[in-house]
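Examining the three-dimensional arrangement
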Amino acid sequence: MKLGIVGLPNVGKSTLFNSLTKAGAESANYPFCTIDPNVGIVTVPDERLKLLGDMYQSKKVTPAVIEFVDIAGLVKGASKGEGLGNQFLSNIREVDAVVHVVRCFEDANVVHVDGSIDPLRDIETINLELIFSDIEILDRRIAKTSRGARNDKTLAKELALLERIKAHLEEGKLAKGFETADEDEEEWFNSYNLLTAKPVIFAANVAEDDLADDGANNKGVAAVREFAAANGSEVFVICAQIEQEIAELDEDEKAMFLEDLGLKESGLEKLIKASYQLLGLISFLTAGEDETRAWTIKVGTKAPQAAGKIHTDFERGFIKAEVVNYKDLLEQGSLSAAREKGLVGMEGKEYVVKDGDVILFRFNV
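In this report, we go over the structure that sits alongside the text.

The rules behind these values
- Residues numbered from 1 in each chain as written.
- Predicted model: local features only at pLDDT ≥ 70, side-chain atom pairs only at ≥ 80, totals over all residues.
- Heavy atoms only, no water.
- Helix = DSSP H or I, 4+ residues; strand = E, 2+ residues; numbered from the N terminus.
- Buried < 20%, exposed > 50% of the residue type's maximum accessible area, 1.4 Å probe, protein only.
- Contact = heavy atoms within 4.5 Å.
- Polar contact = N/O pair within 3.5 Å; in protein donor to acceptor, adjacent residues only side chain to side chain.
- Axes fitted to C-alpha atoms, helices over the stretch in contact; angles between N-to-C directions.
- Parallel < 35°, antiparallel > 145°, perpendicular 65-115°, else oblique.
- Left-handed = near helix turned anticlockwise from the far one by under 90°.
- Nonpolar A, V, L, I, M, F, W, Y, C, P; charged D, E, K, R; others polar.

If you check the backbone angles, Gln-57 has positive phi at about 50° while not being a glycine. Within the secondary structure, Gln-57 sits in the loop between α2 (47–56) and β3 (60–62). Gln-57 sits in the exposed class, given a relative accessible area of 64%. Of note, Asn-193 is a non-glycine position whose phi angle comes to about 55°, a positive value. Judged by its relative accessible area of 22%, Asn-193 falls in the partly exposed class.

See below:
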């Protein structure tokens, strides 16, 4: 999974990125200190893996990972070259979802580029810049498609679609609200990789005082939640400064620190949950002496396609999947004990993989 982090300058975007990835992106109280897109890889915390790894005494335990791309702070007019312009947006065209950091805290020591705190205005500013960036992409595609559209019905149909999407964006609407008419249009639309078509997770960045009650009394957070609900997005409340402190701690200290703050989980864990939910993702597991590993798949994935995640040969030569729920496996202490209790199923090509399934694939190539 790949997530792109966007936001205005000085909203806590790079502080959050640093704390999530411990990658050390420069973070300072002046706009545009993030000039190159920073990329960081984060492992997905999963207690199931540790327990299974211990049970099998696995030589290696491999969690699922998320790649974060941190983009230089956008400002109003970035599409016209203001600030650093929007040249960095190309770096997030390939992401699965956009994490939009929104400032919901007051702090006289941290300047806001627009001089005041207004989360909805900030969201609109960023959305407009993403829209302008998408229109640029469409304009290039329209110019290219126009050349052959007179003599080619397929190109003429695509050109009409491009012009409809552009008109939709020019009304200030996001591409994810655009409706395609048929499968051809759907395929073309997806191939354009428009930024405003991507799912969005809002990170409402609050002061430490607002963290324990999850921003319940913060007007800015309430406004972001309302906006997100109306636009099919997820929201999680975070204090980037606190996340940075958490990032410096080991696991035991982290648990104590969170408890002292009255928190059940870190911002990273909240973000991962929101991402999996928004993108409809789950994890299945493979376990053995050599390696115990988590594999991320879409909800509704069938056994052969899940096998293909491990290796294309597994999908091509799929015969059966031996499936047991991780809790049952841990309770019984071994796969053979779980088999004896009738807790292991032999599943065929139509089996839909569930979150927490531990699977042994049988295949023949």
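Alright, that's what it looks like, and here's the rest.
Tracing the backbone shows Thr-296 in strand β9 (residues 291–298). Residue Thr-296 is classed as buried on the basis of its relative accessible area, which comes to 19%. Sequence separation between Thr-296 and Val-65 is 231 residues, and the spatial gap between their C-alpha atoms is 8.8 Å. Apart from the residues lying within four places of it in its own chain, the contact partners of Thr-296 are Ala-64, Tyr-276, Leu-281, Ile-282, Ser-283 and Lys-309. In this structure the side chain of Thr-296 is engaged in a polar contact, spanning 3.2 Å, whose partner is the side chain of Tyr-276.

All right, on to the packing of helix α3 (residues 119–149) against helix α4 (residues 153–170) then. α4 packs onto α3 with a crossing angle of 155° between their chain directions and a minimal axis gap of 9 Å. Between α3 and α4, the interaxial angle falls into the category roughly antiparallel. Handedness of the crossing formed by α3 with α4: left-handed. Residues Ile-131, Asp-134, Ile-135, Leu-138, Asp-139, Arg-141, Ile-142, Thr-145, Ser-146, Gly-148 and Ala-149 of α3 form the contact with α4, whose own contacting residues are Leu-155, Ala-156, Glu-158, Leu-159, Leu-162, Glu-163, Ile-165, Lys-166, Leu-169 and Glu-170. In the contact of α3 with α4, the residues fall into 11 nonpolar, three polar and seven charged.

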